[in-house]
Every structure is written in structure tokens, then in C-alpha cells.
Amino acid sequence: MSSISTISLPTRFSGSNLLETSLLPNQNSLRFRVASFPATSRSNVAVHVRDNGTSFSSAGGVRRTRISAVAKETGTSVSTDSSFAHVQQAPEDPILGITVAYNKDPNPAKVNLGVGAYRTEEGKPLVLNVVRKAEQKLLADKSRNKEYLGITGIPDFNKLSAQLILGSDCLAIAEKRVVTVQCLSGTGSLRVGAEFLATHYGGEKIIYVPSPTWGNHLKIFPLGGIQTRTYRYFDPKTKGLDYEGMIEDLRAAPSGAVVLLHACAHNPTGVDPTQEQWEGIRRVIREEKHLLPFFDSAYQGFASGSLDTDAWAVRQFVNDGGEVFLAQSYAKNMGLYGERVGALSAIVKGADVATRVESQLKLVIRPMYSSPPTHGAAIVSLILADKDLYEEWKVELKGMADRIISMRHQLFDALKERKTPGNWDHILNQIGMFTFTGLNKQQVEYMTKEYHIYMTLDGRISMAGLSSRTVPQLADAIHSAVVNFSS
Amino acid sequence: MQDSMASLSVSPAAAGGSCFAHVQQAPEDPILGITVAFNKDPSPVKVNLGVGAYRTEDGKPLLLNVVRQAELHLVSDESRNKEYLGITGIVHFNKLSAQLILGSDSPAIAENRVVTAQCLSGTGSLRVGGEFLGRHYSGQKIIYVPSPTWGNHLKIFPLAGLEARTYRYYDPRTKGLDYEGMLEDLRAAPNGSILLLHACAHNPTGVDPSQEQWEGIRRVVREEKQFLPFFDCAYQGFASGSLDNDAWAVRRFVGDGGEVFVAQSYAKNMGLYAERVGALSIIVKEPAVATRVESQLKLVIRPMYSTPPTHGASIVTLILSSKKWFEEWKEELKAMADRIRSMRHELFNALKERQTPGNWEHILNQIGMFTFTGLSKEQVEYMRREDHIYMTLDGRISMAGLNSRTVPQVADAIHRAVVKFS
């Protein structure tokens, strides 16, 4: 080695700091002297020195004396450029990012109305009693092990999930026209369904989603291979359903396209069609357009407090004999958020078709994550299969739904008390975990800044995150925002 | 107008039929399908040497003591809840996982050049890594995998957006590594491609490069071809019984300062198969790049399954962060590795005793859970039919599925198959 061509040291050893370099007699170590070695450096400092292609790295060991350090040659890497230098910083997820921001906020009065996770009256997360019991039972069962599940998960779980949403007397189940596969909560079920449809759907590979919809829908389907388009849904004037607009848009869609429907408790608006409107929608889908309905069911039992009532729309579509795709989540109604428990069901015309569809679903799942996680689904299976646990669950579920409904009343009353400008009836009319307040981005940002209320920028608040203690704070914040920034 | 044009092509639903009538029956997964067939077999003497899941000497699945204890602790802790994890999972889990594979003294970790995301075991880590590369890799979006490799690799990467090609690896004549062929194929590949490497205990062959060969491979990767190495690490601790030994190759590549992808699985070494616990680590050249890479990883994961499952990773976190449990785990892990190694010796000896034709040294030389027997498809199918011995059609057997009782039975079956179909 004749001379050092380039030395790239961390900036704290910048060029002017470098006094001299020399190759040690053994030819394997490079000594360099710096004017000052920062006291805060650890001995494992990274030193990459290049000389005509030979690199010396501190990974081989840096021995530091007061003014000189020795880096041993560990090998050669020709380029110091990262293959990912061009990668841009991605923005934080609009929903999950709210919790990230909330966690960073040091203010003790902060309220998180962002992600749809249930909170108790004390503002705490809730692990259902029935879930704790089932979990204990699971662990006490000595015959259990952690062997791989099959690709489609726990068979009992799949059967019970189908029965839960479709009804145990469902004809389609009796006729073996339903294939159910355990997936990772709602997201996983939607993604697996999307990838399957992208490969195998015989109709138009376009999915129509309501405007607005859960943001992640617009990411999941394109990545799964299905183009997304929207249909009118929320009417900002009435803060209710734009039924005529919806029907018009569905009629304008190509026949045989796919249509995403929220089974109940539409996210983010909380606006659901009436039974009469559902029937109108169903007729357009089945008789006029032959669209394939893909239901996203994340709130069964949460919307009205009744599992059967909340399954009504799905059952109408299944019981008319047509084909349906269905994503189910147990995140909210069983409080199993972090365990990622869900199911994808495909209801098709023919038991033989169902068998073949199941075999192809496996080919989607296997290269994605091989087989689903056992713990959460095992808990669900225990609860759904045990008469006592099932009844207990229904009671706890109703308890959660009732508390949310009471929060709606409390917030409505609080705004009335304050004579806050505007019509706030929608707080009572909307259903499920969320209220689409109608607040605009400016008002939302103001509320976060001044009142430490965290919510998504579309004005959606999670009623599940409210309590009697925080309702007044929220009402004050809304009042102030509305008065200061009229819409 | 548009509506009536669109309805000229009558959709299947319009005609009253299923929109999925044309869907074909897919073949059973080659590996998992073996267990399906095994379960259907009524024979009381059947032996499952198919899927790589550990079995005890009694032929039973094993729940590690340390896992049982950690799980009990987890479930009894009333302060815990089931809230959503962040998109990249449990922070502590990620840190501990990186330390486990890279070494707690790894400069890359100290320099904040490592981003780790909790994923669904090995498969999930490979898929998320593959999709990230499919979107963001500035080099050739081609991944070279060894021939043969775990079958699922060839499905995962194309779906992730990478073209899969192979490099020579296994030499059927020596039943060892075709080192020259491998280097030749690597040299012939386009610069900047992605290279899949099995960290240790190559699946399905059990053939690993020597340290010297690893160095030769590394020099080609780094100096000649500027490949991006993507390690699949599913057997750390299982191959040799030592966590550090089995991490040697990965650490060499990270230690030279270059960029590396690593998919880690806890399915085998912690026996957490069905809990789907794993991690994807990306080691890059700058901490600022690592931050941006992490933010983009979230965009891959969120539309796939939003956030990973908490249970299994919580168990791993408890074990890795407890000095007592970590030591206990290492012992249980070594015991599993030792039992597998003793099965190698027993099978080898049994074939020697029977004077079964052929050279069976590879049973001793190959490493990890599997032995690539060299048996042909014909011989494998014969053993299944006649002796109810189940293995994958490529002749791969899971040593973990053997025990002192079944070794003689399997040796007899191999002997008969070899003699019948030479």
C-alpha cells in the first residue's frame, strides 16, 4: 500500500482532526492519529478506511490509545453507498400514527380517540373476563402443543366463525358451499381474499369501496392485485347515507365487479343503511349488476349489542343464494386486537367449487406466512364452543356496546348544554365505535394542539375511547373548535 | 351507454353460475401435504419424517419447559393486555432478536444501522423482506436461491415481486457442496442481484459451507458482484447446539460493513411453530437509511396484516431478557440438537449393520434437522406404500422425527428400497 486514497471516518473524526495514517508492519492493520478522540466514543467506533479497494473496518476490532487507534483489516467492500440511500421517509400511518403521536405527548390530560380500541369507563384497555378464563383453560390443557396449524388454521374455529356470522341454521353451510379460512384479523382476511380474487375471480377485477372508507382498504386491494374505485356513501349535508348517490354509482359500475360493503357500523362514518335500503342495494347487486359482494365485518355485536342483528345484512346476501366474500375480525368484539384473529369466508355456488376454492386459498396463504397463529383463535374456539362462555361473552359484548351508546348520549347532551353551534343529531344516529363528527382538518388540529384530543384528521372519533370523565373535555374542545373555526 | 356495453360480456353470475366455477383444484403443499397423508394412514407403525418439527425420543411434540414457564407468567400477569402492537411489533423483542443473531456486541447494532421488524416466523419475514426489495431495491430485482432449496422460497419471492433464479449448491455425487459450481453461477449472475443464503443447516440438504468456503463466497458477494445477501435463519442453535456457532456466517457478512437482510424464525429453536414468531432484520450502511427503511417496511406490513400477533413474541421476549430462562433455553436447545445428532449416528450405524449398499457418510456429515438421503422418488414412494414411512419426494427426512424405536424400522425400509430399486 503506497498511500491512503480516501479515509471516511465518522464526522466526529473529520478531516481536520486527522493527523496521520500509517500501515503497520504486519500489513493487516492501519494506524491513524487524530488530534482528539471524543470522550463519548465507545471502543467499538466504526472506522471505514478505503485504500484502492482494500477496506479496514473497526468491526475487526479497534484498540484505542489516547491519541491513536488501530483498525484491523476485515475484508473488502468496494462501495460505501447504501443500496437503499434513495428510500424516502414514509409518512406515519394516518390511524396508527395517531397513537404514536399520543404516546409522545407528555400532557396528563391527553385523550386518545384515534384507533378503534375499546376503553373502560376508567379509560383502560379491557381484557374480557371470558377471554381470561378461556386463556387459563387453554394453558391448563396438558394435551395442547404448539405444532403448526394447517394452512387454513383451526378447523373448529373456522366452522364456529362461519356459524357466528351466517347463523348456525344457514343453508349455505348445510350445503357445504362455505369455505372459511383462519386469517390475521380483518386486514389479513381482506388481503388473502384480495389476492385470491386477483388470480381467480371470473368477473371484473375492480373493487368498489364506499367513500369514505377505512383508509387501509385503499392499500390492501391494489397490493392484492385488485383495482379500487369508490362509490358515493356519506352525505356530508345530512351526515347520513347518500342512498341515491350510492345506487347511481353501483349502477354505473361494470357488471361483475366486486363491491366492498361494511357489514355494520361503517368505519369511519358510523352510517349504516336501513333494512329497506339494504334490500334496495341487494337487488341492484344481484339482479341488475351481478356484482360480487365482499363484506368487511369488524363489529359484529358491537353496533347494536346483538350478534344476530349486526349480521342481518350479511345473511340477507348469503340467503338469496348468491356468492359472497366475507372478512371477519375478532379484534373488537372479543378484545383480541393484538392476537390477530379473523376469518375469511367464501360462499360459492357449489360444494365442489368450495373445495377447489379452499385448495387455491392455501396457495395464497402459504407464501405469505405459511399458517396462522394459534393462540387467539384457540381462545375464540373455546368461547364459541362452550355454552356458558358464549353466554358470558354476549353479556360482556353488550356491556361494551351499551357503554358506547351511553357515551353518544353524554356527548350529545354535553354539546346541547354548551349550545354548540350546529346539528349534532348524528352523534346519536351513527352506529358503532366511531362518530364522524363533521369536524374539519383545521378544527381537528386545533383540538389536538389546544386540548390534547387525538383523533384522525377526517374528524372521526372513537366513542370507545371516551368516558364520563373525558366527555366534558371533548365537548369543550369541540365547542371551542367550532366557534373559532366555522366549517 | 357504458353499462350496456359492459353487459355484452355476460358475467358468470349473470348466467346463474359460480364466478369461481373455473377454479382448479390445487395440489396439496408438498411438505405439509405429507402430514395430511400421514394422518390419513391407519397403520399403527407409520412414521412421519416429513415436516421439520421436533419430536422427543417418545415421538411426541415438545413444549419447552422454559416456554411453558414464560407462557404461564405471561397469562397470569393481570397488568398485561391485548392491545394492538405497533406495525413492527414488540420493540424489545426486535432488539433482543437482533442481538441474538448478530451478537450483543455487534457494531452494526451500536451504530443504529439495524432495523428489525417482528414478522410471522420465517415465511412472513421473507415475504415482507421480499416485498420491500421488490419496491425499493436499487439493484437487480432478481434473487438467487440455492438448488435445491426450501420449496416455499420459490413461491414467496415471485409473489413479492422478485424474479427467482437458482445457483448450483448440492452435489448429488458427493452429497456435499458443489462449491465450484456455486461460485461459477454467482459470478455469472448480474452484479447487484440478491442472494439467498441459508444461515446454517441448509434445508433440505443439511449441507453447509465450511468457514473457508463461506469466506470465498463472501468475497465474491462483496468484492466481485456487490450482491445483497439475504439470510434465511431458521435453525440458530439447532445445527451445532451453539447459538454463536450457528450465527457465524451471518456475523461475518454483517461484520464486513456491507448490507444484509436476515429472516429469523423461532419456530424450531424455541418450539413456537404455531405461534408464528420471527423477525426481519435489515442491516444498512447508514443510520439515517435505517430510519427511512423502517418507515417503508411499515407500508408493506400494514396492508398485509396490520400488526403482528403478540403472544409468541411476548414469550420470546421474556425468555431472552431473563438471564435464568435464557440459560435454561440454551440447555434445552442443545439437548434437542444433541438428540438429532445421536439419531444421525444411530441411523448410520443401523445401515452399516445391514450392509446396505451405498455410501451413507452424508448422514453424519449433513447438519441440522434434515438429511438428504439421496433416495429416489421411486424409492420414497415404495417406502411409503410398503413401510408407511413418510418423507418428502426429494428424499429429505427429518431426523427430529426419528427415535431409537423407529430407527431400525426406517433402516430396514431404506435397505429394502435401495436393494429393490438400485
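What you see is a predicted model, and the numbers here were worked out from it, not measured in a lab.

## Some details on the overall build of chain B
- Summing up its helical and strand segments, chain B has 17 helices and 13 strands in all.
- Since a compact globule built from 422 residues should have a radius of gyration of about 22 Å, the 23 Å found for chain B is in line with a globular shape.
- Overall, chain B is about 70 × 65 × 55 Å in size when its C-alpha atoms are taken along their principal axes.
- Counting across all 422 residues of chain B, residues that qualify as buried make up 62%.
- Counting only contacts in chain B whose residues sit at least 6 apart along the sequence, the fraction spanning at least 24 positions is 76%.
- For chain B, the accessible surface area stands at approximately 15,600 Å², while carbon and sulfur atoms represent 51% of it.
- Put simply, chain B has 46 plus and 46 minus side-chain charges, and the middle of one group is 2 Å from the middle of the other.

## Brief notes about the pattern of salt bridges
- Counting across every chain of the model gives 54 salt bridges over all chains.
- The network of salt bridges with shared partners includes Glu215, Arg218, Arg222, Arg252 and Asp256 of chain B.

## Observations concerning the interface of chain A and chain B
- Chain A puts 99 residues into the contact, and the matching count from chain B is 101 residues.
- Carbon and sulfur atoms make up 56% of the surface buried where chain A meets chain B, a total of about 8,300 Å² over both sides.
- Of all residues in chain A, Phe84, Lys146 and Tyr148 of chain A bury the most surface against chain B, accounting for 11% of the area lost on that side.
- Our count for the contact surface shared by chain A and chain B stands at 12 salt bridges.
- Across the pair Lys146 of chain A and Glu71 of chain B runs a salt bridge whose closest N-O atoms are separated by 2.6 Å.
- Taken together, the links from chain A to chain B amount to 46 residue pairs in polar contact (both at pLDDT 80 or more).
- When contributions to the side of chain A that touches chain B are tallied by element, the ones reaching two or more residues are β7 (68-75), α2 (129-140), α5 (185-200), α6 (217-224), α11 (351-369) and α12 (374-385) of chain A.
- The element best represented in the side of chain A that touches chain B is α11 of chain A, accounting for 12 residues.

## A few points about the state of the cysteines
- Going through the model one piece at a time under the given rule, you end up with 0 disulfides over all chains.
- Cys183 of chain A forms no disulfide, and the closest cysteine sulfur to it belongs to Cys119 of chain B, at a distance of 17 Å.
- The class for Cys183 of chain A is buried, based on a relative accessible area of 0%.
- Here Cys200 of chain B is not disulfide-linked; the sulfur of Cys233 of chain B is the nearest cysteine sulfur, at 5.4 Å.

## So, the confidence of the model for chain A
All names here are of chain A.
- Scored by pLDDT, chain A has a mean of 88; 83% of the residues are at 70 or more.
- Note on residues 37-55: pLDDT under 50 across the span, and 61 contacts to partners over four residues away in sequence or across chains.
- Under a pLDDT of 50 for its full length, residues 57-78 has, in the predicted model, 73 contacts with residues more than four places off or in other chains.

## Details of the pairing of strand β9 (residues 178-183) of chain A
Residues and elements named next belong to chain A.
- With respect to burial, β9 is a largely interior element, 6 of its 6 residues being buried.
- Burial along β9 is two-sided: the face carrying Val178, Thr180 and Gln182 and the face carrying Val179, Val181 and Cys183 are both buried.
- When β9 meets strand β17 (residues 342-347), the two strands line up antiparallel, connected through 6 bridges. Bridging across to β17, Val181 finds its partner in Leu344.

## Here's the deal with the nonpolar core
- Of all hydrophobic cores here, the largest spans 214 residues; its most connected members are Phe84, Phe294 and Leu411 of chain A together with Phe20, Phe230, Trp329 and Leu347 of chain B.
- It is helix α14 (residues 323-353) of chain B that contributes the most residues to this core, 11 residues altogether.
- Other than its neighbours up to four places away in sequence, Leu411 of chain A contacts Ile427, Ile461, Met463, Leu466, Val471, Leu474, Ala475 and Ile478 of chain A.

## Description of the packing of α12 of chain A against helix α13 (residues 387-417) of chain A
Residue and element names in this part refer to chain A.
- One way to put it is that α12 packs onto α13 with a least axis distance of 5 Å and a crossing angle of 100 degrees. By the criterion of interaxial angle, the relationship of α12 to α13 is roughly perpendicular. For the pair formed by α12 and α13, the contact residues are Leu382, Ile383, Leu384 and Ala385 on the first element and Lys387, Leu389, Tyr390 and Trp393 on the second.
- For the contact of α12 with α13, a count of residues per class yields 7 nonpolar, no polar and 1 charged.

## So, the side chain of Arg302 of chain B
- In this fold, Arg302 of chain B is placed in helix α12 (residues 287-305).
- Overall, Arg302 of chain B belongs to the buried group, its relative accessible area being 7%.
- Of note is the side chain of Arg302 of chain B, whose polar atom sits 2.9 Å from the side chain of Asp93 of chain A.
- Contacts of Arg302 of chain B, omitting those with residues within four sequence positions, involve Asp93, Ile95, Leu96, Thr187, Trp214 and Asn216 of chain A together with Ile87 of chain B.

## Examining the UniProt feature "domain: Aminotransferase class I/classII large" (unreviewed entry) in chain B
- The UniProt record annotates "domain: Aminotransferase class I/classII large" (unreviewed entry) at residues 46-414 of chain B.
- Taken end to end, residues 46-414 of chain B is 47% helix and 15% strand, and its two terminal C-alpha atoms sit 14 Å from one another.

## Examining the sheet that holds β17 of chain A
Residue and element names in this part refer to chain A.
- Ordered by their spatial adjacency, 7 strands build an open sheet running β9-β17-β16-β15-β14-β10-β11, and the pairing between neighbours is mixed. The open sheet has two edge strands, β9 and β11 (227-232), and neither has a second partner. In this sheet, adjacent strand axes meet at a mean angle of 25 degrees when their direction is disregarded.
- Here strand β10 (residues 206-211) pairs with strand β14 (residues 258-262) via 2 bridges, running parallel.

## Quick notes on the domain arrangement of chain B
All names here are of chain B.
- Taken as a whole, chain B is organised into domain 1 (28-62 + 338-421) and domain 2 (84-321).
- Taking the mean C-alpha position of each, domain 1 and domain 2 sit 28 Å from one another.
- Contact with domain 1, which involves 18 residues of that partner, is made by 18 residues of domain 2.
- Taken together, the two surfaces of domain 1 and domain 2 that pack against each other cover about 1,400 Å², and 63% of this comes from carbon and sulfur.
- The largest share of the area that domain 1 buries against domain 2 comes from Ile367, Phe370 and Phe372, three residues that together contribute 37% of it.
- Put simply, domain 1 and domain 2 have 0 salt bridges between them.
- Summed over the shared surface of domain 1 and domain 2, the result is 5 residue pairs in polar contact (both at pLDDT 80 or more).

## Some details on the packing of helix α8 (residues 179-188) of chain B against helix α9 (residues 211-224) of chain B
Residue and element names in this part refer to chain B.
- Put simply, α8 and α9 touch, their axes get as near as 11 Å, and they point 5 degrees apart. Between α8 and α9, the crossing angle belongs to the class labelled roughly parallel. Here Tyr179, Met182, Leu183, Leu186 and Arg187 of α8 come into contact with α9, specifically with Gln213, Gly216, Ile217, Val220 and Glu224.
- Along the lines of polarity and charge, the residues of the contact of α8 with α9 split into 6 nonpolar, 2 polar and 2 charged.

## Details of the packing of aromatic side chains
- Overall, the coordinates contain 37 aromatic pairs over all chains when judged by the stated rule.
- By the ring-pair criterion, three or more aromatic residues cluster together here, those being Phe84 of chain A together with Phe132, Tyr137, Phe157, Phe230 and Phe261 of chain B.
- When the ring centre of Phe434 of chain A is taken as reference, the NZ or CZ atom of Arg460 of chain A above it lies at 3.6 Å.
- One cation-aromatic arrangement involves Lys420 of chain B over Phe421 of chain B; the distance from NZ or CZ to the ring centre is 5.8 Å.

## A short note on the environment of Pro308 of chain B
Residues and elements named next belong to chain B.
- Relative to the assigned elements, Pro308 resides in the loop between α12 and α13 (310-321).
- Given a relative accessible area of 0%, Pro308 falls into the buried group.
- Along the primary structure Pro308 and Pro287 are separated by 21 residues, whereas in three dimensions their C-alpha atoms are 24 Å apart.

## Observations concerning the side chain of Glu339 of chain A
- Mapped onto the secondary structure, Glu339 of chain A falls in the loop between β16 (324-329) and β17.
- Within polar-contact distance, the side chain of Glu339 of chain A engages the side chain of Lys82 of chain B at 2.7 Å.
- Once you skip the residues sitting within four places of it in the chain, Glu339 of chain A turns out to touch Glu135, Pro373, His375 and Gly376 of chain A together with Lys82, Pro309, Thr310 and His311 of chain B.

Parameters and conventions
Counting of residues starts from 1 at the beginning of each chain's written sequence and follows it residue by residue. Chains carry letters and ligands carry numbers; both start at the beginning, A for chains and 1 for ligands, and go up in the order they are written. Confidence filtering applies because this is a predicted model: local features only for residues at pLDDT of at least 70, side-chain atom pairs given and counted only at 80 or more, and all residues used for totals across whole chains, interfaces and linings. Side-chain numbers here rest on the full set of heavy atoms in the structure, without hydrogens or water. Counting from the N terminus, the helices are DSSP H or I runs at least four residues long and the strands are E runs at least two residues long. With the radius of gyration taken over C-alpha atoms, the globule rule is written as 2.2 Å times the number of residues to the power 0.38. We call a residue buried when its accessible area falls under 20% of the maximum for its residue type, exposed when it is over 50%, and partly exposed in between, using a 1.4 Å probe and counting protein chains only. Note on contacts: a residue pair is in contact if any heavy atoms of the two residues lie within 4.5 Å. Accessible surface is estimated by sampling points in the Shrake-Rupley manner with a 1.4 Å probe; for residues, cover comes only from the protein chains shown. Counting rule for charge: Lys and Arg are taken as positive, Asp and Glu as negative, and neither His nor the chain ends is counted. A charged residue contributes its charge at one atom only: NZ of Lys, CZ of Arg, CG of Asp or CD of Glu. In the sections that follow, a salt bridge refers to a side-chain nitrogen of Lys or Arg positioned within 4 Å of a carboxyl oxygen of Asp or Glu. Reported buried area values correspond to the accessible surface (1.4 Å probe) lost by two parts on association, with both partners' losses combined. What qualifies as a polar contact is a pair of N or O atoms within 3.5 Å, subject to a donor-acceptor requirement within protein and to the restriction that residues adjacent in sequence count only when both atoms come from side chains. When two cysteine sulfur atoms lie within 2.5 Å, the pair is treated as a disulfide. Each residue carries a pLDDT score, the predictor's confidence in it, ranging from 0 to 100. By this definition, two strands are paired if DSSP reports at least two bridges between them. To qualify as a nonpolar core, a set must consist of buried Ala, Val, Leu, Ile, Met, Phe, Trp, Tyr and Cys residues joined through side-chain atoms within 4.5 Å. Axis geometry follows a simple rule: fit a line to the C-alpha atoms, using only the stretch in contact for helices, then measure angles between N-to-C directions, giving values from 0 to 180 degrees. Note on terminology: angles under 35 degrees are roughly parallel, angles over 145 are roughly antiparallel, angles of 65 to 115 are roughly perpendicular, and the others are oblique. The residue classification treats Ala, Val, Leu, Ile, Met, Phe, Trp, Tyr, Cys and Pro as nonpolar and Asp, Glu, Lys and Arg as charged. All others, Gly included, are polar. UniProt positions are given in the numbering used here, feature names are shortened, and annotations may be inferred rather than shown by experiment. Boundaries of every domain are those given by an automatic assignment or by a domain database. Pairing of aromatic side chains requires ring centres within 6.5 Å, counting the rings of Phe and Tyr and the six-membered ring of Trp. Pairs whose planes differ by under 30 degrees are stacked, by over 60 edge-to-face, and all others tilted. In this scheme, the term charge over a ring applies when either NZ of a lysine or CZ of an arginine sits within 6 Å of the ring centre and within 35 degrees of the ring normal.

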